[in-house]
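Observations on the three-dimensional arrangement
Given next are the chains, with one letter for each unit.
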Amino acid sequence: MKLIKAIVKPFKLDPVKDALHELGVTGLTIGEVKGVGRQKGHTELYRGAEYQVDLVPKVEIEVVVADDLVGRVVETILASAKTGNIGDGKIFIIPIEDAIRVRTGERGENAL
Amino acid sequence: MTAKSRWTLAASALVLAIPGILFAQTAAPPKIEDVAKAVADNTTSINFVWVLVAGFLVMFMQAGFAMVETGFTRAKNASHTVAMNFMVYGIAMLAYWVLGFALQAGGVGGLSTLGGYDQMNKLFTVHIAGKDWGLFGMRGFFLTGVAYNASVFAYFLFQMVFMDTTATIPTGALAERWKFSAFCVFSLFVGGIIYPVFANWGWGGGWLTALGANAGLGNGYADFAGSGVVHLTGGTIAIVTCWLLGPRRGKFNADGTANAIPGHDIPMAMYGTFILCFGWFGFNAGSTLAGSDSRIAVIAVNTMLAGAAGGMSAMIYVWTRFGKPDPSMLANGTLAGLVAITAPCAFVTAPAAVFIGLAAGFLVCFAVTFVERTLKLDDPVGAISVHGFNGAWGLISVGLFADGTYGAGLNGVASNVTGLLYGSAGQLGAQLIGVCANLMWVGGSTFVAWKITGLITRGHRVSAEVEEMGLDMPEMGVPAYPAQETLPAPQPAAAVLRQAS
């Protein structure tokens, strides 16, 4: 099992969610986060004075899937979250030791 | 009032009076004196209602100011900022009731449009160069004695809401760092002394109004609805106190350059601006103190034109200079146009009103940059630029653009108010003296009041730590926006016990 953690532009949440649903991913967790990458934010003007917008709002999507699904999930997220512009985000893949469904106590891939 | 409107009014008053006359005197035909009295009484009644309703509109501007100032500050100080805007209404009002109104209006004389009551007639004057010059009034403390009269009460309500407009201007310039206790004490001085003395000079029969009759300068100081008395006064208080209090932490860098500190609720500030635009109809058109004066239509239209022009020119300026039409400057530009037209609204043509507003919109953008980069003052909401700079511009614009069609009898001078472009230089002189007098009296008395307040409240400024964490919790005890509640609220112990049993 792998945890796939995708940090994407907020308006890409719905396209990614729908695409993952079509792929058969049954569960995901999201969070509103702020962050900065190589783009290093940008400056704006308010009342004639500059200010740095260095932490940009993003959405973090977490999905845990069986190993054989990882490739397709990553491809799906890439296809649905990409705009080609700076600030499209990142995907991280992290190994998962175990998973347990709280209601039944099932373990491993059965709990996903 | 034109001859035609006078006849229309007389006719309508007669129609209203007829039933009373018929029922009261079925036998004899109505006497001409009775008809004349009914007409006069109805005119007075119309004026009473107009003054009160216009005053209610101006009172509602307090909500507009609260929204503008709170929207332009940060979320961590929102409870504090809105509470200052809320309490200034009552604190300054009570000081004005005790002391301020008497100082301002104690010598105002006959309230001609409100029935002619003339017992507010004691003015403290000095005798210089063979003439009397008024300094402050001395009747009407606590609204008792001769002031216990319906005309005076109507006049009090209308003048009180104007004073409160002034008192709420500095709270924006000093937001996010001013101790609430210091705000409370200082506001007593604004409502009790600082504002009323200048208002006496400009509106209460004081020396500025006498510049026409005594010194031949046009009609004397002509400030129809208060670009000077209200807005320049508020702006002068703001600039002096902003300098004394110092900038917010993090506003200026070590090399003197300024950082932007964006407000947390731009939509609220824009709604507030619209409320101010609405209240301004009462502010300006109400200042006729007479609903029977058809000039109220000219005044209301000039007011809306100048506000629109100010918003437009500010938008063009910030868009071309800074790349985007910053909404906070659109709001400031609109208010700048309204502030500037407040003095000349009754005396100028529509094209002049638009020009005054356009100039105000540019001026406020220039002033915001000037105040921040050159004077190094931190004014979070632009109060100095909107009310100070444009209050002065409004006063000066009377001396330039007054077209000589209105204002006969103002300050005891028979001619209409006439500006430089229409052939009279004297009026501009009176206006410039008014600007200087405002800066000196309001600036000086503000400095003294500030120092006294500082002694009473042990300083004006919150600690660095309080400022960093936001004033809401340490000063007011409640945040403006509690964190989103995702966890269920804890149940009271009793409820849990009942469920268990």
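So, about the overall build of chain B. When helices and strands are tallied, chain B shows 16 helices and two strands. In summary, chain B has a C-alpha radius of gyration of 25 Å against a globular reference of 23 Å for 501 residues, a match within 12%. With the C-alpha coordinates of chain B rotated into their principal frame, the extents come out at 85 × 70 × 45 Å. The buried share of chain B, taken over its 501 residues, is 54%. Sequence separation of 24 or more characterises 77% of the internal contacts of chain B that already satisfy a separation of 6 or more.

Further remarks concern the interface of chain A and chain B. Contacts between the two partners involve seven residues from chain A and, on the opposite side, 13 residues from chain B. Put simply, the parts of the chain that give the side of chain A that touches chain B at least two residues each are β3 (42–46) and β4 (49–53) of chain A. Broken down by element, the residue count for the side of chain A that touches chain B peaks at three residues, all from β4 of chain A.

Residues and elements named next belong to chain A. You can see P57 is positioned in strand β5 (residues 56–65). Given 11 C-beta atoms within 10 Å, P57 falls into the exposed group. Sequence spacing of P57 and H42 is 15 residues, and the spatial spacing of their C-alpha atoms is 13 Å. Excluding residues that lie within four positions of it along the chain, P57 makes contacts with P10, E32 and K34.

Take helix α2 (residues 70–81) of chain A next. All names here are of chain A. Under the 1.5 Å per step criterion, the end-to-end length of α2 is 16 Å for twelve residues, consistent within 8% with the ideal 16 Å. Those residues of α2 not exposed but buried are V73, T76, I77 and A81. Taken around the axis of α2, the buried residues stretch over an arc of 105 degrees, which confines them to a single face. Across α2 from its buried face, at more than 90 degrees, point the exposed residues G71, E75 and A79.

Residues and elements named next belong to chain B. Strand direction decides the pairing type here: strand β1 (residues 123–128) and strand β2 (residues 131–137), joined by six bridges, are antiparallel. Note on β2: the bridge partner recorded for F124 is F136. Counting the residues that bridge the hairpin from β1 to β2 gives two residues, and of these A129 lies at a positive phi of roughly 55 degrees.

Unlike most non-glycine residues, R47 of chain A shows phi in positive territory, near 50 degrees. Looking at the element boundaries, R47 of chain A is found in the loop between β3 and β4.

Further remarks concern the nonpolar core. A92, A306, A336, I356, A360 and V364 of chain B are the most contacted members of the largest nonpolar core, which has 144 residues in total. If one sorts the elements of this core by residue count, helix α3 (residues 78–105) of chain B sits on top with 15 residues. Aside from chain neighbours lying at most four places away, what touches A306 of chain B is G337, L338, A340, I341, A353, V354, I356 and G357 of chain B. In terms of nonpolar packing, the next biggest core, distinct from the first, is built from 14 residues, L20, V59, I61 and V73 of chain A among them.

Residue and element names in this part refer to chain A. Strand order in the open sheet formed by four strands is β2-β5-β1-β6, with antiparallel pairing between adjacent strands. With one partner strand each, in any of the chains shown, β2 (29–35) and β6 (89–95) form the two edges of the open sheet. Sheet twist, expressed as the mean angle between neighbouring strand axes with direction ignored, is 20 degrees. Sheet topology note: the β2/β5 ladder contains seven bridges and is antiparallel. Paired with V33 across the bridge in β5 is K58. The strands touched by helix α1 (residues 13–23) are β1 (2–8), β2 and β5; relative to β5, the strand with the most contacts, the crossing angle is about 10 degrees. Against the sheet, α2 engages β1, β5 and β6, with an angle of about 5 degrees to β1.

Basis of the calculations
- Residues numbered from 1 in each chain as written.
- Chains lettered and ligands numbered in written order.
- Predicted model: local features only at pLDDT ≥ 70, side-chain atom pairs only at ≥ 80, totals over all residues.
- Helix = DSSP H or I, 4+ residues; strand = E, 2+ residues; numbered from the N terminus.
- Rg over C-alpha atoms; globule rule 2.2 N^0.38 Å.
- Buried ≥ 20, exposed ≤ 12 C-beta atoms within 10 Å, placed from the backbone.
- Contact = placed C-beta atoms within 7 Å.
- Expected span 1.5 Å × (residues − 1).
- Arc of directions from axis to C-beta.
- Pairing = 2+ DSSP bridges.
- Core = buried A, V, L, I, M, F, W, Y, C linked by C-beta atoms within 7 Å.
- Axes fitted to C-alpha atoms, helices over the stretch in contact; angles between N-to-C directions.

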